[in-house]
Amino acid sequence: MVAKRSDSTKEHWQSVYSSKSAQEVGWFQAHHEVSMEFINNSKIVKDARILDVGSGATTLLDDLLKEGYSNIVAMDISASALAVSKQRLADLIVWEVADITHPLEIEENSIDLWHDRAVLHFFTSKIEKQGYLDNLKMVVRGGGFVIIETFSPEGASQCSGLDLEQYDEEMLEQFLGLEFELIQFKRHVHSTPSGGERPYVSTLFKRRE
Ligand SMILES: C[S@@+](CC[C@H](N)C(=O)[O-])C[C@H]1O[C@@H](n2cnc3c(N)ncnc32)[C@H](O)[C@@H]1O
């Protein structure tokens, strides 16, 4: 059952990134200003290990490198998505094709900052959410940071033709549990390339030591 779901998820995202340019997808941003603000606010050192889960073809990687962050892992279920960024950034980033809801091959407690924009909200089953959370708790060290950005409750209930679950900051707090302290959150609206409005919540958490 789980493998089937993972295969269809992979096919879906592979076909999205093979049929549209990185600038055409609804979640495209020329610069990820809120993500960068939160990452800088965490005050991690420039060689801290950052894991961008469901990285897609994001321009966040370019901005992180420009700001001097040098130890970045971009992970996605879709090799086609990562291939877009890889063409630009090649060996400046570590590339991982993996399903974030299945056990990751990443060393325990090795991640200083976990970043997820518009990924968790696609996981609508208990098993996917638990798989995601198990990975997060395995790899993020005590004192490390977690940034999760999802559609907020007033937002759309679908994206890329897939159903999703909206969150607010309290729901994300409950999802992560008491081990994680909410440091900052922001409600904001993302404008899609076709002129649509997508209300988001962005959150920054710190894992207690
Ligand atoms: C809406 S896009 C967001 C991409 C990027 N974070 C951004 O903000 O531009 C969602 C991304 O999550 C990836 N994704 C979906 N399910 C995944 C899974 N189970 N494991 C890893 N990546 C996944 C998709 O391939 C896609 O690149």
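Residues numbered from 1 in each chain as written. Predicted model: local features only at pLDDT ≥ 70, side-chain atom pairs only at ≥ 80, totals over all residues.

Draft legend 1. Broad picture of the pairing of strand β9 (residues 197-207). Taken together, the seven bridges between strand β5 (residues 140-151) and β9 define a ladder with antiparallel strand orientation. Note on β9: the bridge partner recorded for F145 is K206. As paired elements, strand β8 (residues 180-191) and β9 share eleven bridges and run antiparallel to each other. Bridge pairing in β9 places K186 opposite S202. Counting the residues that bridge the hairpin from β8 to β9 gives five residues, and of these G195 lies at a positive phi of roughly 95°. (Pairing = 2+ DSSP bridges. Helix = DSSP H or I, 4+ residues; strand = E, 2+ residues; numbered from the N terminus.)

Draft legend 2. Representation of helix α2 (residues 33-42) in the model. Residues of α2 that are buried: S35, F38, I39 and S42. One side of α2 holds all its buried residues, which, seen down the axis, span an arc of 100°. In α2, those exposed residues whose orientation departs by more than 90 degrees from the buried face are E33 and N40. The inward-facing, buried residues of α2 abut α3 (60-66), β4 (111-117), β5, β8 and β9. The first or second residue beyond α2 is K43, which carries a positive phi of 60°. (Buried ≥ 20, exposed ≤ 12 C-beta atoms within 10 Å, placed from the backbone. Arc of directions from axis to C-beta. Contact = placed C-beta atoms within 7 Å.)

Draft legend 3. Local environment of unusual backbone geometry. We note that N109 has phi near 55°; this positive angle belongs to a residue other than glycine. If you trace the backbone, N109 turns up in the loop between β3 (94-97) and β4.

Draft legend 4. Seen up close, the nonpolar core. Grouped together as the largest cluster of nonpolar side chains are 45 residues, with contacts concentrated most on L51, I72, L113, W114, V146 and I147. Sort the elements by how many residues they give to this core and β5 lands first, with six residues. Ignoring sequence-local partners within four residues, the contact set of L51 consists of V73, M75, I111, W114, H115 and V139. (Core = buried A, V, L, I, M, F, W, Y, C linked by C-beta atoms within 7 Å.)

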